[in-house]
There are 2 protein chains.
Amino acid sequence: MRKIRRHSEVPEATIHRLPRYLEKLKLLQAMGVEDVSSRQLAESLDIKASQLRHDFHYFGGFSRPGRPYQVGKLVPALEKIIGVSEPQPVAIVGAGHLGQALANYGNLEVQGFPVRGVFDANPRLVGLEIRGQPVRDMDELETVIANEGIRIAILTVPAQHAQAVTDRLVKAGIVGIVNFAPTDLKVPGTVAVRNERLAVGIMALSFKVKCILEGDCGAE
Amino acid sequence: MRKIRRHSEVPEATIHRLPRYLEKLKLLQAMGVEDVSSRQLAESLDIKASQLRHDFHYFGGFSRPGRPYQVGKLVPALEKIIGVSEPQPVAIVGAGHLGQALANYGNLEVQGFPVRGVFDANPRLVGLEIRGQPVRDMDELETVIANEGIRIAILTVPAQHAQAVTDRLVKAGIVGIVNFAPTDLKVPGTVAVRNERLAVGIMALSFKVKCILEGDCGAE
DNA sequence: AATCGCGTGTCAACCGGTTGACAGGTGTCC
DNA sequence: GGACACCTGTCAACCGGTTGACACGCGATT
């Protein structure tokens, strides 16, 4: 285990793979697997073994040369790197269909992101119970975020309100935002945003579908 | 307008940007804007103008040198390239919370992907009306796909059923799948899959949040 | 008509990420 | 104990994507 580099030097592409490593490793752990080689793990994730080792290399490596990785050590190590060693409470802002679906999505809690507050401006939604939690009025946003120590917010409000709500979230101390609104958010450099654009995904797929149907694809 | 290259030569990264171009251009069109330069468009999307021109270059360019792009011509051209000149009917398989949320998500239809079938295996959900459409039993999957000419399916079933359902979809003639299940799907090469992994997104964000909170980020 | 400002199409340099290769460590089997 | 199979950490070559630079076209203005 050598020197651990600064996070900023870890390439974006590697960051996006870390959660997949963790997911698969947890699965293996649940199955009672103790050791796993880079080749086994990489093949099950459909990537090259050299890439996996290269990724781990950014954090100094997790094994001694000659010995496979130990699942029991790798899982907590990755959890620490990703920042989910302990649960990260999150808020969901916007309790429309998508917000409700996410609030109901139990997997979030399992992955270490318990929902600790659901908010909406619509009084007809306020008070609605989702998984034992009430939808709260936007008035309570700041207090709940402060009391629960929430750092990450999931934004599922209509596009036209996204920026205003974002400004409030940033002021309230939110450091990371998962944005489902089809808009680009302006935030200070000290806040991380991740855009989950549903429509972009299906359109990119549509392009490939067209390409397949027209036999215009190099692959086949 | 020079030679149009084969789709297979268009880089993945460019494909993912096309929908964003279209989105923004439609917005401009709605605002009555007629001309737009690569710089204006690029800046509003927070990318480099040279990249935008480079992307368009794959399709032969959309303007004469010296003249800005004409929104009115660009929109249909991009729609054609992406494959949404005419509506692409889609099916939603799995009417759990997420499936219902997507079925209710009006934006899909606006973007050219009308939902023409919602399916679930759970008899308690079958018959439920969503936006004027019934949730159908899985038995009807093949007939509806055939009758409506559906080519794209959105998969929102639990992970353990994802592969089985996928096999059925492929057999039924589906060519593109947007996969929300946290599993990798095995499909023949003639089928395109796009994974929308919610948990991966929030975890990648968590990494950056940790990086910001610990002052371990190069950016600031 | 000549000039000027602005714009696209195009290309080459550059950069980050991926991939293959290998040196060296570890445990096992004979 | 020696040979062997297997494994990781590490590095260098490679590749695709991004970016900056520029030649040239167009329209307005003088």
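Preceding this paragraph is the structure being described.
An account of the accompanying structure is given in this report.

The next subject is unusual backbone geometry. Residue and element names in this part refer to chain B. Within the chain, aspartate 46 stands out as a residue other than glycine whose phi angle is a positive 65°. Secondary-structure assignment places aspartate 46 in the loop between helix 2 (38-45) and helix 3 (49-57). By relative accessible area, aspartate 46 is classed as exposed at 70%. Even without glycine at this site, arginine 131 takes up a positive phi of about 50°. As for its placement among the helices and strands, arginine 131 is situated in the loop between strand 5 (129-130) and strand 6 (133-137).

We now examine the protein's contact with DNA strand D. Not every one of the 29 residues close to DNA strand D is listed here, only the nearest: Ser38, His57, Ser63 and Arg67 of chain A together with Arg17 of chain B. The protein-proximal atoms of DNA strand D, defined as those within 4 Å of the protein, are 75% sugar or phosphate. At 2.9 Å from a phosphate oxygen of DNA strand D is found a side-chain nitrogen or oxygen belonging to tyrosine 69 of chain A. Of all the elements in the fold, those that place two or more residues in the surface near DNA strand D are helix 2 (38-45) and helix 3 (49-57) of chain A together with helix 1 (12-30) and helix 3 of chain B.

All names here are of chain B. Strands sit in the order 5-6-4-3-7-8-9 across an open sheet of 7 strands; the sheet is mixed. Both outer strands of the open sheet, strand 5 and strand 9 (192-195), are each paired with one neighbouring strand and no more. Judged from the 4 bridges that link them, strand 3 (residues 90-93) and strand 7 (residues 152-155) form a sheet pairing that is parallel. Paired with alanine 91 across the two strands is alanine 153, which belongs to strand 7. On top of the sheet, helix 8 (residues 159-171) reaches strand 3, strand 7 and strand 8 (176-179); it is set at about 170° to strand 7, its chief contact.

Next up on the list: the nonpolar core. Residues Leu25, Ile154 and Ile202 of chain A together with Leu25, Ile154 and Ile202 of chain B are the most contacted members of the largest nonpolar core, which totals 104 residues. Not counting residues within four places of it along the chain, the set of residues in contact with leucine 25 of chain B comprises Val36, Leu41, Val71, Leu74, Val75 and Leu78 of chain B.

Residue and element names in this part refer to chain A. One open sheet holds the 7 strands; their spatial order is 5-6-4-3-7-8-9, and the pairing between them is mixed. One side of each edge strand has no neighbouring strand; the edge strands of this open sheet are strand 5 (129-130) and strand 9 (192-195). Of the pairings in the sheet, the one linking strand 5 to strand 6 (residues 133-137) comprises 2 bridges and is antiparallel in character. Its bridge partner lying in strand 6, glutamate 129 is registered against proline 134. In this fold helix 7 (residues 141-148) packs onto strand 3 (90-93), strand 4 (115-120) and strand 6, with an angle of close to 175° to the strand it touches most, strand 4. Running over the sheet, helix 8 (residues 159-171) touches strand 3, strand 7 (152-155) and strand 8 (176-179) and is turned about 170° from strand 7.

Bringing the protein's contact with DNA strand C into the picture now. Around DNA strand C, 29 residues are found, and the nearest of them are Arg17 of chain A together with Ser38, His57, Ser63 and Tyr69 of chain B. Near the protein, within 4 Å, the atoms of DNA strand C are sugar or phosphate in 71% of cases. Arginine 17 of chain A is positioned such that a nitrogen or oxygen atom in its side chain is 2.8 Å from a phosphate oxygen of DNA strand C. Among the secondary structure elements, those contributing two or more residues to the surface near DNA strand C are helix 1 (12-30) and helix 3 of chain A together with helix 2 and helix 3 of chain B. The biggest single contributor to the surface near DNA strand C is helix 3 of chain A, with 4 residues.

About the cut-offs
- Residues numbered from 1 in each chain as written.
- Chains lettered and ligands numbered in written order.
- Predicted model: local features only at pLDDT ≥ 70, side-chain atom pairs only at ≥ 80, totals over all residues.
- Heavy atoms only, no water.
- Helix = DSSP H or I, 4+ residues; strand = E, 2+ residues; numbered from the N terminus.
- Buried < 20%, exposed > 50% of the residue type's maximum accessible area, 1.4 Å probe, protein only.
- Near = heavy atom within 4 Å.
- Polar contact = N/O pair within 3.5 Å; in protein donor to acceptor, adjacent residues only side chain to side chain.
- Pairing = 2+ DSSP bridges.
- Contact = heavy atoms within 4.5 Å.
- Axes fitted to C-alpha atoms, helices over the stretch in contact; angles between N-to-C directions.
- Core = buried A, V, L, I, M, F, W, Y, C linked by side-chain atoms within 4.5 Å.

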